[in-house]
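Spelled out, the chains give:
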Amino acid sequence: MALAGMAGANVVGASAAELKAVNGTLQSFKAARDWPDFIHSLQQLNGILAEPSSAGRDVPAKHTVAKRLAQGCAAGCNPSVHTKVLELYGTIFTRIGPD
C-alpha cells in the first residue's frame, strides 16, 4: 500500500504538517505487533485529528484512516481497541461537523 499515493488524493483541506503527522502515525500501524501498539497508534491519530486545523475539516489520508478504523472494529480485537476506535470516530465526527 502506498500511503503517499493515498494521501495525495486527500491533500485538499489538510495542511502539509498535518498530513505529514497523519501519514507518520499511519506508518506506525504497520509496525504494531499487538493490541497495546495498536492502541498507541490510535491515540496518536486521535491527538492529531483533535487539534484545531487551520486548513479545514477534512480528514487527511481518509481512506487509510478508514481502513485502520475498520481493522480496530474486528471481532478478535481487544475491547480496549474497540473503545479507542470509538473515541477516534467521535473525534472525526466532531471535526467534520453535522454538514
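The structure under discussion appears in the preceding block.
Remember, it's a predicted structure, so these values are computed and weren't measured experimentally. (Residues numbered from 1 in each chain as written. Predicted model: local features only at pLDDT ≥ 70, side-chain atom pairs only at ≥ 80, totals over all residues. Heavy atoms only, no water.)

### A word on the pattern of salt bridges
Step number 1: Taken as a whole and assessed by the stated rule, the structure comprises two salt bridges.
Step number 2: A salt bridge links Arg95 to Glu18; the nearest nitrogen and oxygen atoms lie 2.8 Å apart. Here Arg95 is found in helix 5 (residues 79-96), whereas its partner Glu18 is found in helix 2 (residues 16-31), with 77 residues between them in sequence.
Step number 3: Note that Glu87 is salt-bridged to Lys84, the shortest N-O span being 3.3 Å. You can see Glu87 and its partner Lys84 sitting in helix 5, three residues apart, about one turn around the helix. (Salt bridge = Lys/Arg side-chain N within 4 Å of Asp/Glu carboxyl O. Helix = DSSP H or I, 4+ residues; strand = E, 2+ residues; numbered from the N terminus.)

### Digging into unusual backbone geometry
Most peptide bonds take the trans configuration, and most residues that are not glycine carry a negative phi.
Step number 1: Positive phi outside glycine occurs at Ala61, with the angle close to 50 degrees.
Step number 2: Among the secondary structure elements, Ala61 is positioned in the loop between helix 3 (35-50) and helix 4 (62-72).

### Examining the environment of Ala21
Step number 1: Relative to the elements of secondary structure, Ala21 occurs in helix 2.
Step number 2: According to the relative accessible area criterion, Ala21 is partly exposed, its value standing at 32%.
Step number 3: Sequence-wise, Ala21 and Pro60 are 39 residues apart; in three dimensions their C-alpha atoms are separated by 9.5 Å. (Buried < 20%, exposed > 50% of the residue type's maximum accessible area, 1.4 Å probe, protein only.)

### Some words on the packing of helix 2 against helix 4
Step number 1: Contact pair helix 2 / helix 4: the axes reach a minimum separation of 11 Å and the direction vectors enclose 35 degrees. Here helix 2 and helix 4 pass one another in a crossing that is left-handed. On the side of helix 2, the interface is formed by Val22, Leu26, Phe29 and Lys30, while helix 4 contributes Thr64, Val65 and Arg68.
Step number 2: Among the residues forming the contact of helix 2 with helix 4, the class breakdown is four nonpolar, one polar and two charged. (Axes fitted to C-alpha atoms, helices over the stretch in contact; angles between N-to-C directions. Left-handed = near helix turned anticlockwise from the far one by under 90°. Contact = heavy atoms within 4.5 Å. Nonpolar A, V, L, I, M, F, W, Y, C, P; charged D, E, K, R; others polar.)

### Let's talk about the packing of aromatic side chains
Step number 1: Counted according to the given criterion, the structure contains two aromatic pairs.
Step number 2: Consider the rings of Phe29 and Phe38, whose centres lie 5.1 Å apart with planes at 75 degrees: the pair is edge-to-face. As far as the burial class goes, Phe29 and Phe38 line up, both buried.
Step number 3: Considering the side-chain rings of Tyr89 and Phe93, the 6.0 Å spacing of their centres and the 20 degrees angle between planes classify their relative orientation as stacked. Taken as a pair, Tyr89 and Phe93 lie in helix 5 at a separation of four residues, close to a single helical turn.
Step number 4: According to the relative accessible area criterion, Tyr89 is partly exposed, its value standing at 28%.
Step number 5: For Phe93, a relative accessible area of 53% puts it in the exposed group. (Phe/Tyr/Trp six-rings, centres within 6.5 Å; stacked < 30°, edge-to-face > 60°.)

Honestly, that's just the spatial picture; any functional story needs more than this.
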